[in-house]
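Fold and contact review
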Amino acid sequence: MEGTVLRIEQGSLHDGAGLRTVVYLKGCPLRCAWCSIPESQSKQIEKGFGQTMTAEEVMDEIEKDAVFYFHSDGGVTISGGEALVQADFAKEILQKSKYIGINTVLETSFCGAYNEIQKVAPYVDTLFVDVKMFTSKLHKQWTGLDNQQILKNIRRFLIEYPNCEVRIRVPVVPGINMNLTELLTIACFVADLDRFVPLELLPYHRYGMHGYQALGLEYPLADTPAPSPKEMFALADQLVRTVPHLPVTALTKTFIY
């Protein structure tokens, strides 16, 4: 089985527990205005971004750091782009990793048909799901698609795969969803889910600018500032005080999403 891989990063500390190897797959149905990896949006290899690899070749890279996974409780993380665009390829990597005892994480927007999720779900230990906005109209305005399928996928997955740890992440972007009304709506959605799911707030950053420049594209949010740690903690505090029993973490380190 072959897939299109943007890159493979080894030694990550921010894409799941422990030391991890992150496999970034190409292809994404969304076009988020704040995308930090625009070179991952197209499934095709373009301007030197990406390469065709077999699942076995990817596993060779993953297994290089196997000893570090076991000593740090780390493993492999499949990211994107959107991994569901290449669900069969992602499944092969996740399945092979699980077979040899490597912990698996999937980072996803859940923007895809549910049958694609079912292909990878049995082989995922931890799932990080982006909920970028709750208001469907706003979601379509800033990502190109509405979020109705995404929200349905989350609800269904939590019922059908109770053994998979799930965390919901919100990229907090000034001028777009960095307001208490939108974040509270997301928090209430998470609090009302059928099982306990923690919420993580991720600060927007402008690292995607370099990718846009390399692709010859204009970066839509060039003048948008990154939230300060103080602002992130204040938002988390407001959500915790307003939505009881919902664990909310404000992450202040840079994450790629």
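Our structure's up above, just so we're on the same page.
Residue indices follow the written sequence of each chain, beginning from 1 at its first position. Only residues with pLDDT of at least 70 get local features here, since the model is predicted, and only at 80 or more are side-chain atom pairs given and counted; chain-wide, interface and lining totals rely on the full set of residues. The basis for every side-chain value is the complete set of non-hydrogen atoms in the structure, without hydrogens or water.

Comment: elements are numbered from the N terminus, with helices defined as DSSP H or I runs of at least four residues and strands as E runs of at least two. You can see Glu 61 is positioned in helix 1 (residues 55-63). When the C-alpha positions of Glu 61 and Thr 21 are compared, they lie 8.4 Å apart, and in sequence the two are 40 residues distant. With residues near it in sequence (within four places) discarded, Glu 61 still touches Ile 8 and Gln 10. Here a polar contact is taken to be a pair of N or O atoms separated by no more than 3.5 Å, where protein atoms must pair a possible hydrogen donor with a possible acceptor and residues adjacent in sequence count only if both atoms sit in side chains. Looking at Glu 61, its side chain comes within polar contact range of the side chain of Lys 64, at 3.0 Å. What makes two residues a contact is simply this: any of their non-hydrogen atoms within 4.5 Å.

Turning next to the packing of helix 7 (residues 180-191) against helix 9 (residues 229-242). Here, axes are lines fitted to C-alpha atoms. For helices the fit covers the stretch in contact, and angles between N-to-C directions go from 0 to 180 degrees. Across the interface, helix 7 lies against helix 9 with an axial gap of 10 Å and an inter-helix angle of 50°. The angle between helix 7 and helix 9 falls in the class oblique. The element helix 7 and its partner helix 9 pack so that their crossing is right-handed. Of the residues in helix 9, those in contact with Leu 180, Leu 183, Leu 184 and Ala 187 of helix 7 are Leu 235, Gln 238, Leu 239 and Thr 242. Classes in brief: Ala, Val, Leu, Ile, Met, Phe, Trp, Tyr, Cys and Pro nonpolar; Asp, Glu, Lys and Arg charged; the others, Gly included, polar. Looking at side-chain class alone, the contact of helix 7 with helix 9 contains 6 nonpolar, 2 polar and no charged residues. Just so you know how the angles are binned, under 35 degrees is roughly parallel, over 145 roughly antiparallel, 65 to 115 roughly perpendicular, and the rest oblique. Here a crossing is taken to be left-handed if its near helix is turned anticlockwise relative to the far helix by less than a right angle, and right-handed if that turn runs clockwise.

Where helix 1 contacts helix 3 (residues 87-99), the two axes come as close as 10 Å, and the packing angle between them is 45°. Put simply, helix 1 runs oblique to helix 3. Relative to helix 3, helix 1 is oriented so that their crossing is right-handed. Residue-level inspection shows Ala 55, Glu 56, Val 58, Met 59 and Ile 62 of helix 1 in contact with helix 3, the latter providing Phe 89, Glu 92, Ile 93, Lys 96 and Ser 97. Its residues assigned to classes, the contact of helix 1 with helix 3 shows 6 nonpolar, 1 polar and 3 charged.

This part covers the packing of aromatic side chains. Two aromatic rings, drawn from Phe, Tyr or Trp (for Trp, its six-membered ring), form a pair once their centres lie within 6.5 Å of each other, and the interplanar angle then sorts them: stacked below 30 degrees, edge-to-face above 60, tilted otherwise. Per the stated rule, a full pass over the model turns up 4 aromatic pairs. With centroids separated by 5.5 Å and ring planes inclined at 65°, the aromatic side chains of Phe 110 and Phe 157 adopt a geometry described as edge-to-face. Taken together, the residues span a long stretch of sequence, with Phe 110 in the loop between strand 5 (103-108) and helix 4 (114-120) and Phe 157 in helix 6 (residues 148-160) at a distance of 47 residues. Like Phe 157, Phe 110 is buried. For the cation-ring pair, Arg 7 lies above Tyr 24, with the distance from its terminal atom to the ring centre recorded as 4.6 Å. The ring of Phe 128 is capped by Arg 169, whose NZ or CZ atom sits 4.0 Å from the centre of that ring. A 1.4 Å probe rolled over the protein chains alone gives each residue an accessible area, and that area as a share of the maximum for its type sets the label: buried under 20%, exposed over 50%, partly exposed in between. In our convention, an over-ring charge means Lys NZ or Arg CZ found within 6 Å of a ring centre and within 35 degrees of that ring's normal.

Burial of strand 7 (residues 165-172) is extensive: 6 of the 8 residues sit out of reach of the surface. DSSP bridges decide pairing: two strands pair if at least two such bridges lie between them. Pairing between strand 7 and strand 8 (residues 199-203): 5 bridges, direction parallel. When the sheet's bridge partners are listed, Ile 168 is paired in strand 8 with Leu 199. When the strands point away from the viewer, a crossover counts as right-handed if the path from the first strand over the helix to the second runs clockwise. Of the crossover connections in this fold, the one passing from strand 7 over helix 7 to the parallel strand 8 is right-handed.

For the rest of this paragraph, the subject is the environment of Val 67. Mapping Val 67 onto the fold places it in helix 2 (residues 66-72). Taking the relative accessible area as the measure of exposure, Val 67 reaches 45% and is therefore partly exposed. For Val 67 and Cys 32, which are 35 residues apart along the polypeptide, the C-alpha to C-alpha distance reads 37 Å.

Read from one edge to the other, the open sheet built from 9 strands follows the order 3-1-2-4-5-6-7-8-9, with strand pairing classed as mixed. Lying at the two open borders of the sheet, with one neighbouring strand each, are strand 3 (51-54) and strand 9 (248-250). Adjacent strand axes in the sheet meet at a mean angle of 30°, parallel and antiparallel pairs treated alike. In the sheet, strand 1 (residues 2-12) pairs with strand 2 (residues 20-25) via 6 bridges, with the strands oriented antiparallel. Residue pairing across strands places Gln 10 opposite Thr 21, the latter belonging to strand 2.

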